[in-house]
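So the chains spell out like this:
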Amino acid sequence: MKAENIVVINRWDDDFAAYDRLLDHQQHRVFYIVNKAGGEGIRHIRQHTKTFVVDNLEDVSQLMGPMQAISDEHGQIDRLLALSEFDLIQAAELRSRFRIPGVDREQVKLFRDKVSMKERLLAKGLSVPRFLDLRDSEEAIRFVAEVGYPLILKPRTGAASQGVYKVDTEADLRRLLQATDITDYECEEYVDGPIYHVDGVIHQQQLLFVRPSRYIHTCLDFNHGQPLGSVMLPPGEQNDTITLFTKQVLQALGLERGIFHLEIIMRNDSEPVFLEIGARIGGGEIPFLFKDLYGLDLVKEWVDLELDQFKGLHIKNSSWYGGFLMVPEPAETPCEVVERTDLIQTIGTLYKQILPEPGQILDGNGGYLKIGGRFRYKSLDPMQIERDIAMTIEKYKLITRLCD
């Protein structure tokens, strides 16, 4: 293997991506572009590499200086790794500018821009919600006259349902349009039905591993204070239908290799309707479940695929089913944790809980990790997982007090 110049964009302040294990820092020249939090995440390896710190990783202009400095001193940049969903667009732009292999500025639209991905799938004959690239408020009023209420408004390149609105009346819609900057927004019809996420690995256009799961509540519900969970599907007609639809979506969008996280709605419990897709690792507990249950490190597989050093998957046990539950932070923050319920000895399929400690401050910026509680489940019976998730929601109590 020849030595390569590898640039990593990192915003994580923990060891979620253990770059010292994933990348050979002796074989390759590895450079990091980080924000303040990302610098904390690689502090144990900073002495072995060159690190550039910027204020805002989402500002491409701040990334250009470090990229140019690396290129000027060391020559062609061979690889650019950006594993956070919030960095995919900037990384694609930099690959285009510096002629680095991988997803470029045109390809990334199909996996970050909700209008572009639906336009492509609609052209390929796949089912998507009726949608509108929102240009002005009156367009939205005319559109909802066709599709009816509720109406969904969402940022074209948003993530984790941030900035997403479900609108039930024209009065609410007009108030929202007046109060919200709708630049780069889209609106779409509300499709009634359960929502599923599909996570897996694709290589040379072949699905190597795939797991469909049904959400318990939704990401939008989570942002409004409800717990969010999911449970993997057992074999059967619904699993087969969703897996086939997944293959059709990946083929239509041209994803030949990588990790993906797809979300769909099942209309009438039988027709899959595309919601959105990311060419990245699913959030929350998903990567931890894959590693715990199957020995499948999605971060490592993604890096190996990006570096052309992928040697196939090694699944330790494919018979387990998994599920998760995430309890959001309280609506009013900052707050101090006073007490929380320990359920690890109470609920049969619950094998891991990550709880805030008494005295810990929840500041409202915990995302999916530093929150009110995280729970992982495994069993040979997915129905038991679903019952245990419901029991967790019933029994778990988080008591906090507002900070002065």
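Residues numbered from 1 in each chain as written. Predicted model: local features only at pLDDT ≥ 70, side-chain atom pairs only at ≥ 80, totals over all residues. Heavy atoms only, no water.

Attention now moves to the sheet that holds strand β1 (residues 5-10). Strand order in the open sheet formed by four strands is β3-β2-β1-β4, and the pairing between neighbours is parallel. The open sheet has two edge strands, β3 (50-53) and β4 (79-82), and neither has a second partner. Direction aside, neighbouring strands of the sheet carry axes that sit 20° apart on average. Sheet topology note: the β1/β4 ladder contains four bridges and is parallel. Each residue of the ladder has a partner; that of Val7, found in β4, is Leu80. Where helix α3 (residues 60-74) meets the sheet, its contacts fall on β1, β2 (29-34), β3 and β4, and the angle it forms with β2 comes to roughly 165°. Contacts from helix α4 (residues 88-98) reach β1 and β4, with the element oriented near 170° to β4. (Pairing = 2+ DSSP bridges. Helix = DSSP H or I, 4+ residues; strand = E, 2+ residues; numbered from the N terminus. Axes fitted to C-alpha atoms, helices over the stretch in contact; angles between N-to-C directions. Contact = heavy atoms within 4.5 Å.)

A few words now on the state of the cysteines. Taken as a whole and judged by the stated rule, the model has zero disulfides. No disulfide involves Cys335; its sulfur sits 6.5 Å from that of Cys403, the nearest cysteine. You can call Cys335 buried: its relative accessible area is 1%. (Disulfide = S-S within 2.5 Å. Buried < 20%, exposed > 50% of the residue type's maximum accessible area, 1.4 Å probe, protein only.)

What follows covers the nonpolar core. By size, the foremost hydrophobic cluster in this structure holds 62 residues, and its most contacted members are Val8, Tyr19, Leu23, Tyr32, Phe375 and Tyr377. Residue contacts for Tyr32: discarding those within four places in its chain leaves Val8, Tyr19, Leu23, His25, Ile42, Ile45, Thr49, Lys50, Thr51 and Phe52. Within the second largest apolar cluster, 27 residues are counted, among which are Phe111, Ile242, Phe260 and Ile264. (Core = buried A, V, L, I, M, F, W, Y, C linked by side-chain atoms within 4.5 Å.)

By themselves, these observations are geometric and do not establish any function.
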